[in-house]
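Observations on chain architecture
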Amino acid sequence: MSLTPMASSATPTPATKIVKCPTCGGPSVYAASNRFRPFCSERCRSIDLGAWASEEFRVPEDEPDPQAQTPDDQSS
Ligand SMILES: [Zn+2]
């Protein structure tokens, strides 16, 4: 038996890196075990993706489109 208890159990999982979740700002495990990294969870990841999508396809509400502004202009 050549156990060396001094070397082990000193640092619990040194490979585990904790980063800040971009969505909620909470701790997120940046490791292979976390497939949603750098997000902390699937929910945060989908929220972030949704935010990007809505930002991408956002239409200015305060800016009326002249081309689609005349529904009753077709006077027959
Ligand atoms: Zn999060």
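Residues numbered from 1 in each chain as written. Predicted model: local features only at pLDDT ≥ 70, side-chain atom pairs only at ≥ 80, totals over all residues. Heavy atoms only, no water.

On inspection of all chains with the given rule, the structure shows zero aromatic pairs. In this structure, Lys17 packs its charged tip against the face of Tyr30, placed 5.7 Å from the ring centre. If you follow Arg37 out to its NZ or CZ, it ends over the ring of Tyr30, 6.0 Å from the centre. (Phe/Tyr/Trp six-rings, centres within 6.5 Å; stacked < 30°, edge-to-face > 60°. Lys NZ or Arg CZ within 6 Å of the ring centre and 35° of its normal.)

In this section: the UniProt feature "binding site: Zn(2+)" (unreviewed entry) in the protein chain. Mapped onto this structure's residue numbering, the UniProt feature "binding site: Zn(2+)" (unreviewed entry) falls at Cys21, Cys24, Cys40 and Cys44. In terms of the greatest pairwise C-alpha distance, the residues named above, spread along 24 residues, form a tight cluster of at most 8.3 Å across. As for its position among the elements, Cys21 is in the loop between strand S1 (17-20) and strand S2 (27-30). Overall, the relative accessible area of 2% leaves Cys21 in the buried class. When sequence neighbours within four positions are dropped, the list of residues in contact with Cys21 reads Gly26, Ser28, Pro38, Phe39, Cys40 and Cys44. (UniProt positions renumbered as here; feature names shortened; annotations may be inferred. Helix = DSSP H or I, 4+ residues; strand = E, 2+ residues; numbered from the N terminus. Buried < 20%, exposed > 50% of the residue type's maximum accessible area, 1.4 Å probe, protein only. Contact = heavy atoms within 4.5 Å.)

So, about the coordination of the zinc ion. Those protein atoms acting as donors to the zinc ion are Cys21 (SG), Cys24 (SG), Cys40 (SG) and Cys44 (SG), and they sit at 2.3 to 2.4 Å. Around the zinc ion, the four donor atoms sit at angles spanning 105 to 114°, and that spread fits a shape best called tetrahedral. In primary-sequence terms, the residues that donate to the zinc ion follow C-x2-C-x15-C-x3-C. (Donors = N, O, S within 2.8 Å, 3.2 Å for Na, K, Ca; no water. Tetrahedral: all angles 85-135°; square planar, octahedral: opposite > 155°, others 65-115°.)

What follows concerns the confidence of the model for the protein chain. Reading predicted coordinates in detail is not appropriate for stretches of low pLDDT. In this model, the protein chain carries a mean pLDDT of 77, and residues with pLDDT of at least 70 account for 57%. S2 holds the highest mean pLDDT among the elements of the protein chain, 96, whereas helix H1 (residues 42-56) holds the lowest, 80. (pLDDT = per-residue confidence, 0-100.)

Moving on, we get to the pairing of S1. Here S1 runs beside S2; their pairing, made up of four bridges, is antiparallel. Bridged to Val19 within S2 is Ser28. (Pairing = 2+ DSSP bridges.)

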